[in-house]
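Each chain is listed here by its residues.
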Amino acid sequence: MDLFAFVKPKNELENQPEEQTNVPFVPEEMWTKCPKCGTMLLTTDMEENFRVCTKCGHHFRMNAKQRIALLADDGSFCEHDADMESKNILDFPGYDQKLEKARATGSKESVMCGECKIGGIDAVLCAMDSDFMMGSMGTVTGEKVTRAFEYATEHALPVIVCTVSGGARMQEGILSLMQMAKTSGAVKRHSDNGLLYITVLTDPTTGGVTASFAMEGDIILAEPDTLVAFAGPRVIEQTLRQKLPKDFQTSEFVMQKGFVDAVVSRNKLKSTLAKLLKMHGYGEVSE
């Protein structure tokens, strides 16, 4: 008997991948994963909720334009010194390429400054930009912040600065460190004229920005779970040779130690700023 008669003939349709004809295409940009709780968020819902996770309340980072849109009354923001841009003044290797890559995000510099209305009240608003080299402070950054304070002093306006920074920009060396003294001097002159300065610390606020104008506000607010630091925790532990407390350098921890006045959720930030401005005599005080 022919044994091959009992061999099952090969089915050409077996072991073939099934055609995924009914699976819809979902663009990746439609969903955003929360880094804190892992929830997949519909991007449009997250944006409508001020870039805050609808499940755990995690505050995603904002760039300068998003921050201004959040705080300034619609159509009221008038940018100052918009054409000022950083240059490779020290011929630092690779800096030109980094600047070009940073500008490709749509931002010209690590801070945007201008005049606007917040709850109908005139104010000078500065917003640092995490998209531009993580808000690092170079000479142009310091100059723009200084000019903003000088304009506010001349026109008797309050100043609000939203900080987000990795610190001084190393590619500009000592010139970037000099911005700490320059901006602090402008803050002092503004204060000497009896004018209000409010800082809003956002994640992360570190380095030379923390060591200068970020912590010099008359009132210091912070968003929840914001990193507020000068040096990183590893450097501090190596220096002190001690284990740091849990949640060290978060805005909540820093508030407990008296360096922050209040931690304010993003959905209440604009109304809180407007209320503080009114309390200090700016705008119309309601009865």
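Check the entry above for the structure.
Thresholds, definitions, all that
- Residues numbered from 1 in each chain as written.
- Predicted model: local features only at pLDDT ≥ 70, side-chain atom pairs only at ≥ 80, totals over all residues.
- Heavy atoms only, no water.
- Helix = DSSP H or I, 4+ residues; strand = E, 2+ residues; numbered from the N terminus.
- Buried < 20%, exposed > 50% of the residue type's maximum accessible area, 1.4 Å probe, protein only.
- Contact = heavy atoms within 4.5 Å.
- Areas by Shrake-Rupley, 256 points an atom, 1.4 Å probe, with all protein chains shown as cover.
- Arc of directions from axis to C-beta.
- Polar contact = N/O pair within 3.5 Å; in protein donor to acceptor, adjacent residues only side chain to side chain.
- Salt bridge = Lys/Arg side-chain N within 4 Å of Asp/Glu carboxyl O.
- Core = buried A, V, L, I, M, F, W, Y, C linked by side-chain atoms within 4.5 Å.
- Patch = residues over 30% accessible without salt bridge, like charges linked within 9 Å, V, L, I, M, F, W, Y side chains within 5 Å.
- Phe/Tyr/Trp six-rings, centres within 6.5 Å; stacked < 30°, edge-to-face > 60°.
- Axes fitted to C-alpha atoms, helices over the stretch in contact; angles between N-to-C directions.
- Parallel < 35°, antiparallel > 145°, perpendicular 65-115°, else oblique.
- Nonpolar A, V, L, I, M, F, W, Y, C, P; charged D, E, K, R; others polar.
- Pairing = 2+ DSSP bridges.
- Right-handed = clockwise from strand over helix to strand, strands pointing away.

Student: Residue-level account of the overall build of the protein, with values.
Tutor: A count of helices and strands for the protein gives nine helices and nine strands. For the protein, buried positions account for 44% of its 287 residues. Intrachain contacts of the protein at a sequence separation of at least 6 include 68% that bridge at least 24 residues. For the protein, the accessible surface area stands at approximately 16300 Å², while carbon and sulfur atoms represent 54% of it.

Student: Outline helix α2 (residues 64-71), listing residues and values.
Tutor: Residue pairs three or four apart in sequence face the same way in an α-helix, which turns once every 3.6 residues. Here α2 has its buried residues at Ala64, Arg67, Ile68, Leu70 and Leu71. Seen end-on, α2 carries its buried residues on one side only, within an arc spanning 160°. Buried positions along α2 lie against β4 (111-118), β5 (121-128), β6 (159-165), β7 (197-205) and α9 (269-279). The N-terminus of α2 is capped by Asn63, whose side-chain oxygen sits 3.2 Å from the backbone nitrogen of Lys65.

Student: Lay out the pattern of salt bridges in plain terms, naming residues and giving numbers.
Tutor: Scanning all chains against the criterion turns up 16 salt bridges. A salt bridge links Glu109 to Arg169, with the nearest nitrogen and oxygen atoms 3.0 Å apart. Here Arg169 lies in the loop between β6 and α5 (173-192) and Glu109 lies in the loop between α3 (95-103) and β4, a separation of 60 residues in the sequence. Across the pair, Arg169 and Glu109 agree in class, each one buried. Glu150 is the salt-bridge partner of Arg189, the closest N and O atoms lying 3.7 Å from each other.

Student: I'd like a rundown of the nonpolar core, residues and numbers included.
Tutor: Core analysis: the biggest nonpolar cluster contains 27 residues, and Leu125, Ile160, Ile198, Leu221, Leu273 and Leu277 have the highest contact counts within it. Elements that contribute at least two residues to this core include exactly α2, β4, β5, β6, β7, β8 (219-222) and α9. By size, the runner-up hydrophobic cluster in this structure holds 26 residues, among which are Val111, Met128, Ala152 and Phe213.

Student: Quick one: what's the story with a nonpolar patch on the surface, residue by residue and with numbers?
Tutor: Together, Met30, Trp31 and Met40 make up a nonpolar patch on the protein surface, roughly 300 Å² of accessible area in all. Locating Met40 in the fold gives a position in strand β2 (residues 40-42).

Student: Requested: an account of the packing of aromatic side chains, with residues and values cited.
Tutor: Applying the stated rule across the entire model yields two aromatic pairs. Look at Phe149 and Tyr197: their rings are 4.8 Å apart centre to centre, the planes differ by 90°, and that puts the pair in the edge-to-face class. One end of the pair, Phe149, is in helix α4 (residues 139-154); the other, Tyr197, is in strand β7, with 48 residues separating them in the sequence. For the ring pair Phe248 and Phe253, a centre distance of 5.6 Å and an interplane angle of 70° mean the geometry is edge-to-face. Under the relative-accessibility criterion, Phe248 is labelled partly exposed at 27%.

Student: Tell me about the packing of α2 against α9, residues and numbers included.
Tutor: Helix-helix packing is described using two parameters, namely the angle between the two axes and the distance between the axes. It is the contact of α2 with α9, at a shortest axis distance of 8 Å, that shows an interaxial angle of 60°. Relative to α9, the element α2 is oriented oblique. For the pair formed by α2 and α9, the contact residues are Arg67, Leu70 and Leu71 on the first element and Leu269, Lys270 and Leu273 on the second. When grouped by side-chain class, the residues that make up the contact of α2 with α9 number four nonpolar, no polar and two charged.

Student: Pulling in residues and values, what's your account of the pairing of β6?
Tutor: Extensive coverage of β6 is indicated by the burial of seven of its seven residues. The side-chain alternation of β6 yields two buried faces, one formed by Val159, Val161, Thr163 and Ser165 and the other by Ile160, Cys162 and Val164. One ladder, built from four bridges, connects β5 with β6; its direction is parallel. What sits directly across from Val124, in β6, is Val159. Taken together, β5, α4 and β6 constitute a β-α-β crossover, and its handedness is right-handed.

Student: Please set out the pairing of β4 residue by residue, giving values where relevant.
Tutor: Moving residue by residue along a regular strand, the side chains alternate between the two faces of the sheet. By the criterion of burial, β4 is predominantly enclosed, with six of the eight residues buried. Here three bridges tie strand β3 (residues 78-80) to β4, and the two strands are oriented antiparallel to one another. Residue Cys78 lies in a different strand from β4, and its bridge partner there is Glu115. Bridge count for β4 against β5 is eight bridges, and the pairing is antiparallel. Each residue of the ladder has a partner; that of Cys116, found in β5, is Ala123. Between β4 and β5, which pair antiparallel one after the other, the connecting turn spans two residues, and Gly119 there sits at a positive phi close to 65°.

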